[in-house]
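As a plain string of letters, each chain reads:
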Amino acid sequence: MSRTSRWATALGLLLLVAGCGGGDDGGDETPPPPVTPSGYSWSLPKGFPTPKEFAENPMSTAKVELGRHLFYDPRMSINQSASCASCHLPARAFSDGRTTAIGTTGEVHPRNAMSLTNVVYNATFDWANPVLKTLHAQALTPMFAEFPVELGWSDHEAEILDRFRFDPKYQELFAAAYPGESTPVNADRVAKAVAAFVSTLISGNSPYDQATFQLNNSAMSAAARRGQNLFFSERMECFHCHGGFNFSQSVSHAGTPVAQEEFHNNGLYNIGGKGDYPAGNRGLWEFTQRPADMGRFRAPTLRNIELTAPYMHDGSIATLEEVVDHYARGGRLISEGPLAGDGARSPFKSELIVSFRLTAQEKLDLIAFFQSLTDWEFLCDSRFADPFGNSPRHSRCN
Ligand code: HEC
Ligand code: HEC
């Protein structure tokens, strides 16, 4: 728990990521695309590790294609009005722009819909769930959740599955994805196909990547480079939790000996001076009830962060400028109302959340750095597009 041991862990992780991240050779020929045990060949950006594949859900091109259809299909919800893409919009790097998500029947979710950029590399899924460790297990949550209802499968599974079972297009897609099965349509296989599609949402061709992994010196502006130096400085400490190729300390991929499951309290709340967070949004504490886990959440990736406002688990910070102000203060001050308290003084805040001062220019530089993490090739990639045309890509893609 000491500051030094935290630093040692963070440093160890950086070395681990550097070691596994393909930062190996020095200008060899382009290596062949990584192929998984099932023979699926990932299309990976330079410098990126090969994702993990789970024996119970082998990857295949046909499964990804089925998953893409299901992900965008409004028939995935009880009232045929919402799909995964209703809360994970391609134009917003697969987040939804809302403070917190709203399910298909109008129920409000306590948390902000996460971006799906590079989720395949996460060690755990959701903002603070230490139990969900595969994307196919995660997909069952929005399908079956009741508190709140997201897609509304609970008690309506057969009805929803019949929509796909009797549709000739889906008969073909399921037969190709699950060959040799006499009754291939079931909820488990829906979740697995959707997970296979979501696994392919890999972003690694931002200006930052072009400069860092492709050694293109002119890809980033001078301001973005200055911002990068600030981000990776001991003065700001950001990289300890948002480090590595995915700007998240919580990573797992083929070759990681131990998945890094990390959760931190970054000083958003300190209700009544006791370190409390709002009920229903207490982070890891919801699972463990351990006082020290109060307000601990996973540090999400910062890739495409420019497009995924508002920020934090409850969408309570509207802009990147305000995020920087939050960290500069070393925690958020809420001066009145039921949530009043000074997050900077929370007893549960991570020791890595320190206050710092930035000049106006430095703040602009940091924002320019965040913008250099936006990957337009990813955002406009037609392999990730809605086959039904309901959920458009970003206007810059047209
Ligand atoms: C009602 C809106 C909504 C719908 C519909 C929805 N999601 Fe989500 N999604 C969320 C929210 C909110 C979170 C964060 C949940 C949490 O932390 O408790 C999330 C989290 C995720 C994550 C975890 C990301 C990460 O970095 O850990 C994945 C993966 C995901 N959703 C995939 C899907 C898939 C696949 C579907 C369709 C089967 C889907 N979602 C449907 C709102 C939604
Ligand atoms: C101690 C670990 C830690 C440090 C250090 C840290 N963060 Fe974070 N960061 C987190 C966690 C945890 C979250 C999510 C917190 C929540 O939602 O309650 C987060 C959230 C964010 C978000 C919002 C992400 C989203 O998708 O909503 C941004 C942006 C961000 N951090 C930027 C930074 C910057 C810039 C710095 C350096 C000044 C920094 N972080 C330092 C752990 C950290």
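This structure is a prediction, so every number in the text was calculated from the model and none was measured.

Definitions and limits used
- Residues numbered from 1 in each chain as written.
- Chains lettered and ligands numbered in written order.
- Predicted model: local features only at pLDDT ≥ 70, side-chain atom pairs only at ≥ 80, totals over all residues.
- Heavy atoms only, no water.
- Helix = DSSP H or I, 4+ residues; strand = E, 2+ residues; numbered from the N terminus.
- Contact = heavy atoms within 4.5 Å.
- Areas by Shrake-Rupley, 256 points an atom, 1.4 Å probe, with all protein chains shown as cover.
- Lys, Arg positive; Asp, Glu negative; His and termini not counted.
- Charge placed at Lys NZ, Arg CZ, Asp CG, Glu CD.
- Donors = N, O, S within 2.8 Å, 3.2 Å for Na, K, Ca; no water.
- Near = heavy atom within 4 Å.
- Polar contact = N/O pair within 3.5 Å; in protein donor to acceptor, adjacent residues only side chain to side chain.
- Buried < 20%, exposed > 50% of the residue type's maximum accessible area, 1.4 Å probe, protein only.
- Axes fitted to C-alpha atoms, helices over the stretch in contact; angles between N-to-C directions.
- Parallel < 35°, antiparallel > 145°, perpendicular 65-115°, else oblique.
- Nonpolar A, V, L, I, M, F, W, Y, C, P; charged D, E, K, R; others polar.
- Disulfide = S-S within 2.5 Å.
- Arc of directions from axis to C-beta.
- Phe/Tyr/Trp six-rings, centres within 6.5 Å; stacked < 30°, edge-to-face > 60°.
- Lys NZ or Arg CZ within 6 Å of the ring centre and 35° of its normal.
- Core = buried A, V, L, I, M, F, W, Y, C linked by side-chain atoms within 4.5 Å.
- UniProt positions renumbered as here; feature names shortened; annotations may be inferred.
- Left-handed = near helix turned anticlockwise from the far one by under 90°.

Engineer: Describe the overall build of the chain, with residues and values.
Structural biologist: Along the backbone of the chain there are 14 helices and two strands. Structurally, the chain occupies a C-alpha span of about 60 × 55 × 40 Å along its principal axes. For the chain, the proportion of contacts with a sequence separation of at least 24, taken over those separated by at least 6, is 66%. Surface summary for the chain: the accessible area is close to 17600 Å², and the carbon and sulfur share equals 55%. Both charge centroids of the chain, one from 34 positive and one from 43 negative side chains, sit 5 Å from each other.

Engineer: Residue-level account of the coordination of the iron atom of ligand 1, with values.
Structural biologist: No protein donor other than His-88 (NE2) coordinates the iron atom of ligand 1, and that contact is at 2.1 Å. Position of His-88 relative to the elements: it lies in the loop between helix H3 (84-87) and helix H4 (135-144).

Engineer: Break down the site of ligand 2 for me, citing the residues and quoting the values.
Structural biologist: By nearness alone, 26 residues border ligand 2, and Cys-238, Cys-241, His-242, His-313 and Tyr-327 come closest of all. Within the side chain of His-242, an N or O atom sits 2.9 Å from a nitrogen atom of ligand 2. One of the side-chain N or O atoms of Tyr-327 is found 2.7 Å from a nitrogen atom in ligand 2. At three residues, the largest contribution of residues to the shell around ligand 2 is made by helix H12 (residues 320-329).

Engineer: Which residues make up the coordination of the iron atom of ligand 2, and what values do they have?
Structural biologist: Within the protein, the atoms that donate to the iron atom of ligand 2 are His-242 (NE2) and Tyr-327 (OH), at distances of 2.0 Å. Note on His-242: relative accessible area 11%, which makes it buried.

Engineer: Talk me through the packing of helix H2 (residues 61-72) against helix H7 (residues 187-199); I want residue IDs and the actual numbers.
Structural biologist: Two elements in contact, H2 and H7, have axes whose closest approach is 7 Å; the angle formed by their N-to-C orientations is 100 degrees. Here H2 lies roughly perpendicular to H7, going by the angle between them. Residues Lys-63, Val-64, Leu-66, Gly-67, Arg-68, Leu-70, Phe-71 and Tyr-72 of H2 form the contact with H7, whose participating residues are Val-190, Lys-192, Ala-193, Val-194, Ala-196, Phe-197 and Val-198. Of the residues belonging to the contact of H2 with H7, the class tally is 11 nonpolar, one polar and three charged.

Engineer: I'd love a proper account of the state of the cysteines, names of residues and values included.
Structural biologist: Across all of its chains, the model carries one disulfide by this definition. One disulfide in the model links Cys-380 with Cys-397; its S-S distance is 2.1 Å. What sets the handedness of the Cys-380 and Cys-397 disulfide is the S-S torsion sign, and at about -75 degrees it is left-handed. With a gap of 17 residues between them, Cys-380 in the segment after helix H14 (376-379) and Cys-397 in the segment after H14 connect regions that are remote in the sequence. According to the relative accessible area criterion, Cys-397 is buried, its value standing at 17%.

Engineer: Any chance you could break down the site of ligand 1 for me, citing the residues and the numbers?
Structural biologist: Near ligand 1 you find 25 residues, and of these Cys-84, Cys-87, His-88, Arg-111 and Asp-126 are the closest. Here Asn-122 contributes a side-chain N or O atom positioned 2.9 Å from an oxygen atom of ligand 1. Between ligand 1 and Gln-138, the relevant distance is 3.4 Å, taken from a nitrogen atom to a side-chain nitrogen or oxygen of the residue. Sort the elements by how many residues they give to the shell around ligand 1 and H4 lands first, with three residues.

Engineer: Lay out H4 with the relevant residues and their values.
Structural biologist: Buried within H4 are the following residues: Leu-135, His-136, Gln-138, Ala-139, Pro-142 and Met-143. Along H4, the residues classed as buried sweep out an arc of 155 degrees about the axis, all on the same side. On its buried face, H4 is in contact with H7.

Engineer: Help me get a handle on the packing of aromatic side chains, residues and values and all.
Structural biologist: Geometrically, a pair of aromatic rings is defined through the distance of the ring centres and the angle of the planes. If you walk through the whole model with that rule in mind, you get 29 aromatic pairs. One aromatic cluster is present, built from ring pairs that chain together Phe-48, Tyr-121, Tyr-208, Phe-213, Phe-231, Phe-232, Phe-239, Phe-245, Phe-247, Phe-369 and Phe-370. In this structure, Arg-282 packs its charged tip against the face of Trp-285, placed 5.3 Å from the ring centre. The ring of Tyr-269 is capped by Arg-332, whose NZ or CZ atom sits 4.7 Å from the centre of that ring.

Engineer: Give me the lowdown on the environment of Thr-61, citing residues and values where you can.
Structural biologist: By the secondary structure assignment, Thr-61 is in helix H2. A sequence separation of 19 residues divides Thr-61 from Trp-42, and the C-alpha atoms of the two residues are 9.8 Å apart.

Engineer: Account for the nonpolar core, naming residues and giving values.
Structural biologist: One finds Leu-66, Leu-70, Phe-71, Met-76, Trp-153, Phe-174 and Val-198 to be the most contacted residues of the largest nonpolar core, which totals 53 residues. Sort the elements by how many residues they give to this core and H7 lands first, with nine residues. Judged by nonpolar contacts, the second largest core, of 39 residues, contains Phe-239, Leu-302, Val-323 and Ala-328.

Engineer: Please provide a residue-by-residue account of the UniProt feature "domain: Cytochrome c" (unreviewed entry) in the chain, values included.
Structural biologist: In the numbering adopted here, UniProt assigns the feature "domain: Cytochrome c" (unreviewed entry) to residues 62-202 and 222-374. The annotated region residues 62-202 carries 40% helix and 0% strand content, and the separation between its end C-alpha atoms amounts to 18 Å.

Engineer: Outline the side chain of Asn-129, listing residues and values.
Structural biologist: When you line up the elements, Asn-129 lands in the loop between H3 and H4. For Asn-129, a relative accessible area of 13% puts it in the buried group. Engagement of the side chain of Asn-129 in a polar contact is seen with the backbone nitrogen of Val-131, the distance being 2.8 Å. One polar contact links the side chain of Asn-129 to the main-chain amide nitrogen of Leu-132, over a distance of 3.1 Å. In contact with Asn-129, not counting residues within four places along its chain, are Thr-124, Phe-263 and Phe-287.

Engineer: Lay out the packing of H12 against helix H13 (residues 360-371) in plain terms, naming residues and giving numbers.
Structural biologist: Closest axis-to-axis distance for the H12/H13 pair is 10 Å, and the angle between their directions is 120 degrees. When the axis of H12 is compared with that of H13, the two are oblique. Our pair here, H12 against H13, has a crossing hand that is right-handed. From H12, Leu-320, Glu-321, Val-324 and Asp-325 reach across to H13, where they touch Lys-363, Leu-366, Ile-367 and Phe-370.

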